[in-house]
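Here's the letter readout for the chains.
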Amino acid sequence: IRASWTATQGLNSLNDNSKNFVGFNPAAYSAMVKDASRTPLFEQAIIHRLQQSPSNSVVVLDLGTGPFALFAVVAAQHGAQKVYAIEANPQAAELAQQRVQSLG
């Protein structure tokens, strides 16, 4: 298995509380959600995968869910048996939890 990741200049910043944590600022989160070239494709892929699986049989992990829990919510709304939304940034995690609770 091979993976790589490259930070985009201006999109990532070090959290002042921990020099080992790379986080995103709120404007970057909003930009990702509004990214019409990528976000809909991810949503469609999640929905397609869930539709191809037996009802209520898929467990989804949204690693780095962000403050909107966008893909976690998509998975939950389209039949995932269980969804784990993981976020390392405490502020983003709190906002994600609030969003999920507001949606019921």
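Residues numbered from 1 in each chain as written. Predicted model: local features only at pLDDT ≥ 70, side-chain atom pairs only at ≥ 80, totals over all residues. Heavy atoms only, no water.

## Quick word on the overall build of the protein chain
- When you go through the protein chain residue by residue, the secondary structure sums to four helices and four strands.
- Each helix and strand of the protein chain, placed in order from N terminus to C terminus, yields the pattern β-β-α-α-β-α-β-α.
- Per-residue burial for the protein chain yields a buried fraction of 24% across its 104 residues.
- Counting contacts in the protein chain only where the partners sit at least 6 residues apart, residues at least 24 apart contribute 51% of the total.
- Accessible area for the protein chain stands at about 7600 Å²; split by element, carbon and sulfur atoms hold 55% of it. (Helix = DSSP H or I, 4+ residues; strand = E, 2+ residues; numbered from the N terminus. Buried < 20%, exposed > 50% of the residue type's maximum accessible area, 1.4 Å probe, protein only. Contact = heavy atoms within 4.5 Å. Areas by Shrake-Rupley, 256 points an atom, 1.4 Å probe, with all protein chains shown as cover.)

## A closer look at the pairing of strand β3 (residues 59-63)
- With burial as the criterion, only one face of β3 is covered, namely that bearing V60 and D62; the residues V59, L61 and L63 on the opposite face remain uncovered.
- Pairing geometry for β3 and strand β4 (residues 82-86), over five bridges, is parallel. Pairing of L61 across the sheet is with Y84, part of β4.
- In this region the chain leaves β3, passes through helix α3 (residues 70-77) and returns to the parallel neighbour β4; the handedness of that crossover is right-handed. (Pairing = 2+ DSSP bridges. Right-handed = clockwise from strand over helix to strand, strands pointing away.)

## So, the confidence of the model for the protein chain
- With 77% of its residues at a pLDDT of 70 or more, the protein chain has an overall mean of 83.
- Note that pLDDT drops below 50 for residues 7-12; the model gives that stretch nine contacts with residues more than four away or on any other chain. (pLDDT = per-residue confidence, 0-100.)

## Re helix α4 (residues 90-103)
- With 14 residues, α4 should cover 20 Å at 1.5 Å per step; its first-to-last C-alpha distance of 20 Å lies within 8% of that length.
- One side-chain oxygen at the N-terminal end of α4 lies 2.9 Å from the backbone nitrogen of Q91; it belongs to N89.
- Trailing α4 by a residue or two, G104 shows a phi angle of about 85 degrees, which is positive. (Expected span 1.5 Å × (residues − 1). Polar contact = N/O pair within 3.5 Å; in protein donor to acceptor, adjacent residues only side chain to side chain.)

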